[in-house]
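# Observations on the three-dimensional arrangement
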Amino acid sequence: ADNAEGYTYMSGTSMATAYVSGLAGLALSVAPTLTPAAITSLLTQYSLDLGEPGHDPAAGFGRIEANQTVLATALAQQGMDIAASAFLFFPLISR
């Protein structure tokens, strides 16, 4: 352990894989017909950009935002215009 609480700091794609896979599963539970490309698009579009603008070596596409991704998936599944409603539901994400 790296600290008194017993936690260790780790980063990288190996650490992120479980979270991203879990979020992809949540999105699929809302919209089971999503294609792999659609899931990738949702995950990148509704991530909070960190570091340099856009994709970068240090932060990738940023931090995934599960609530916003699943909500966007549900809205799209219901045929709602996500772009027109985005300012109501996604205040953290700049477009």
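Here goes a summary of the coordinates provided. Keep in mind the model is a prediction, meaning the values are calculated, not measured.

## Focus on the packing of helix 1 (residues 13-30) against helix 3 (residues 66-77)
The contact between helix 1 and helix 3 brings their axes to 9 Å, and the two run at 25°. It follows from the interaxial angle that helix 1 and helix 3 lie roughly parallel. Between helix 1 and helix 3 lies a crossing of right-handed hand. Taken together, the residues of helix 3 that come into contact with helix 1 (itself represented by Leu23, Leu26, Ala27 and Val30) are Ala66, Thr69, Val70, Thr73, Ala74 and Gln77.

## Regarding the side chain of Glu65
Relative to the helices and strands, Glu65 is located in the loop between strand 2 (63-64) and helix 3. Within the structure, the side chain of Glu65 is placed 2.9 Å from the side chain of Arg63, a separation counted as a polar contact. Once you skip the residues sitting within four places of it in the chain, Glu65 turns out to touch Leu23, Tyr46, Ser47 and Leu48.

## Comments concerning the environment of Thr44
Mapping Thr44 onto the fold places it in helix 2 (residues 36-45). The exposure class assigned to Thr44 is partly exposed, which follows from its relative accessible area of 27%. Separated by 18 residues in sequence, Thr44 and Gly62 have C-alpha atoms that sit 8.1 Å apart.

## A short note on helix 1
Taking 1.5 Å per residue, 18 residues should reach 26 Å; helix 1 reaches 25 Å between its end C-alpha atoms and fits that length. For helix 1, the complete set of buried residues consists of Leu23, Ala24 and Ala27. Burial along helix 1 is one-sided: seen end-on, the buried residues are contained in an arc of 105°. Every exposed residue of helix 1 that faces more than 90 degrees away from the buried side is listed here: Ser14, Ala18 and Ser29. Lining the buried residues of helix 1 we find helix 2, strand 2 and helix 3.

## Comments concerning the pattern of salt bridges
Per the stated rule, a full pass over the model turns up one salt bridge. Note that Arg63 and Glu65 form a salt bridge whose closest N and O atoms lie 2.9 Å from each other. Relative accessible area serves as the criterion here: at 42%, Arg63 is assigned to the partly exposed category. Residue classification places Glu65 among the buried positions, given a relative accessible area of 12%.

## A look at the environment of Val30
Note that Val30 resides in helix 1. For the pair Val30 and Val70, spaced 40 residues apart in sequence, the C-alpha to C-alpha distance is 7.3 Å. Apart from the residues lying within four places of it in its own chain, the contact partners of Val30 are Val70, Thr73, Ala74 and Gln77.

Calculation rules
- Along each chain, numbering runs from 1 in the same order as the chain's sequence is written.
- A pLDDT threshold of at least 70 governs which residues receive local features in this predicted model, and a stricter bar of 80 or more applies before side-chain atom pairs are shown or counted, although totals over entire chains, interfaces and linings include all residues.
- Heavy atoms from the whole structure form the basis of all side-chain values; hydrogens and water molecules are not counted.
- Fitting a line to C-alpha atoms yields each axis, with helices limited to the stretch in contact; the angle taken between N-to-C directions then spans 0 to 180 degrees.
- To qualify as a helix, a DSSP run of H or I must reach at least 4 residues; to qualify as a strand, a run of E must reach at least 2; elements of each kind are numbered from the N terminus.
- Every angle not falling under 35 degrees, over 145, or within 65 to 115 is termed oblique; those three ranges are roughly parallel, roughly antiparallel and roughly perpendicular.
- Handedness of a helix crossing follows the sense of rotation of the near helix relative to the far helix, less than a right angle counterclockwise being left-handed and clockwise being right-handed.
- We call two residues in contact whenever any of their non-hydrogen atoms come within 4.5 Å of each other.
- Here a polar contact is recorded for every N or O atom pair within 3.5 Å, except that within protein the pair must consist of a potential hydrogen donor and a potential acceptor, and residues adjacent in sequence are included only if both atoms are side-chain atoms.
- Exposure is judged per residue with a 1.4 Å probe applied to protein chains only, and the accessible area is read against the type maximum: over 50% gives exposed, under 20% gives buried, and values in between give partly exposed.
- For a helix, the expected span equals 1.5 Å multiplied by the number of residues minus one.
- By definition, the arc is the one covered by directions from the helix axis to the C-beta atoms.
- Put simply, a salt bridge is a Lys or Arg side-chain nitrogen that is within 4 Å of an Asp or Glu carboxyl oxygen.

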